[in-house]
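Observations on the model geometry
One letter stands for each residue in the lines below.
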Amino acid sequence: MLEFFRWQDAIDIFIISYIIYKLLVLIVGTRAMQLVKGLFIMGGLTALARVFDLRTLSWFLGKMLGVLVIAIPIVFQPELRKMLEELGRGGSLWQRRKSVKNAELLSETVGRAIGYLKSQKIGAIIVLERGTGLKDFWRSATRINAEITQELLISIFWYGTPLHDGAVIMDRDKIIAASCYLPLTDNTDISRWLGTRHRAAIGVTEVSDAIALVVSEERGEVSLAINGHLSKNLKDSQVQKLLLHYFGGDEDEQKSILDRLQEDIRTLWT
């Protein structure tokens, strides 16, 4: 006998649809999205191979999917770890928002550190991790995993300390690592007067959605790198507003600020 559609089935469909939707929202704009596209392509090829009875191709694709089941948790360990940490804390699995007070505290802390480095003309590069994991860049660096403090940031970049040569990578919770070496941009259109820090800041934002803030030791100014572009000589208020929305997890406001900053992008020093 054909079983009638139950109200429990509607709930099942709604929950599964919501989970799939939130997963897609989570990975849009990250490197994981490319993996999803690749899986869809492999799934389509597998279906076609079975329809046309292409046994060798079906066998090969089946083996590849088996390997991916093992490889995906390893490659995307940082993203999975973040979601599990949220679940363990009892917070939202899909979205992490700081309280307004905590966001203000962290933004002021980092802003004061950047301001001091700027005033003393101490070179620095701070990378703010967003959706794309940056493990490839901090894996071989010095792990910090420490609370974000003004004193620690200044100490890391203080000339002569073992960790001053390289970048600091942090997320919205902690300083992940220091003395990180980033890929230099291959863009030949940028000014030849740009130093290694600025080229590294551009380079890391070409391969990820991260935000990089650079303090110039020659000019004592702050520059912003985003999406492979560089905007120089940011005002303190711009830096503070960007940090506030970054630590607050307000992606829409953050994108709006970045869009306004990039209206006046200057990649050549005059």
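Here we summarise the structure given alongside this text. Model, not experiment: these values are computed from the prediction.

1. So, the sheet that holds strand β4 (residues 175–180)
One open sheet holds the seven strands; their spatial order is β2-β4-β3-β1-β5-β6-β7, and the pairing between them is mixed. With one partner strand each, in any of the chains shown, β2 (142–146) and β7 (229–231) form the two edges of the open sheet. Ignoring which end each strand starts from, the neighbouring axes of this sheet average 20° apart. As paired strands, strand β5 (residues 211–215) and strand β6 (residues 222–226) are joined by five bridges and run antiparallel to one another.

2. With respect to helix α9 (residues 236–248)
Taking 1.5 Å of rise per residue, 13 residues should cover 18 Å, and α9 covers 18 Å from first to last C-alpha, within 8% of that figure. Restricting attention to buried positions, one finds in α9 the residues V239, L242, L243, H245, Y246, F247 and G248.

3. Focus: the packing of helix α5 (residues 100–119) against helix α7 (residues 150–157)
Interaxial distance between α5 and α7 falls to 8 Å at its minimum, and their mutual angle equals 35°. In this structure, the crossing between α5 and α7 has a hand that is right-handed. On the side of α5, the interface is formed by T109, V110, R112, A113, Y116 and L117, while α7 contributes Q150, L153, I154 and F157. Split into classes, the residues belonging to the contact of α5 with α7 amount to seven nonpolar, two polar and one charged.

4. What about the layout of surface pockets?
For the second largest pocket, the calculated volume is near 320 Å³. Taken together, 21 residues form the lining of the second largest pocket, with D165, T196, R197, H198 and A200 sitting closest to its centre. When residues of the lining of the second largest pocket are traced back to their parent elements, those giving at least two are α8 (196–206) and β5. Residue contributions to the lining of the second largest pocket peak at four residues, all from α8.

5. Regarding α5
The terminal C-alpha atoms of α5 lie 28 Å apart, and with 20 residues this matches the ideal 28 Å at 1.5 Å per residue to within 8%. Every buried residue of α5 is listed here: A103, L106, S107, T109, V110, G111, A113, I114 and L117. Of the surrounding elements, those touching the buried residues of α5 are β1 (124–128), α7, β3 (167–170), β5, β6 and α9.

Scoring rules and cut-offs
- Residues numbered from 1 in each chain as written.
- Predicted model: local features only at pLDDT ≥ 70, side-chain atom pairs only at ≥ 80, totals over all residues.
- Heavy atoms only, no water.
- Pairing = 2+ DSSP bridges.
- Helix = DSSP H or I, 4+ residues; strand = E, 2+ residues; numbered from the N terminus.
- Axes fitted to C-alpha atoms, helices over the stretch in contact; angles between N-to-C directions.
- Expected span 1.5 Å × (residues − 1).
- Buried < 20%, exposed > 50% of the residue type's maximum accessible area, 1.4 Å probe, protein only.
- Left-handed = near helix turned anticlockwise from the far one by under 90°.
- Contact = heavy atoms within 4.5 Å.
- Nonpolar A, V, L, I, M, F, W, Y, C, P; charged D, E, K, R; others polar.
- 1 Å grid on protein atoms, 1.4 Å probe; cavity = no way out; pocket = protein on both sides within 12 Å on 5 of 7 lines; lining within 4 Å.
- Points joined across faces, edges and corners; volume = space filled by probe spheres on them.

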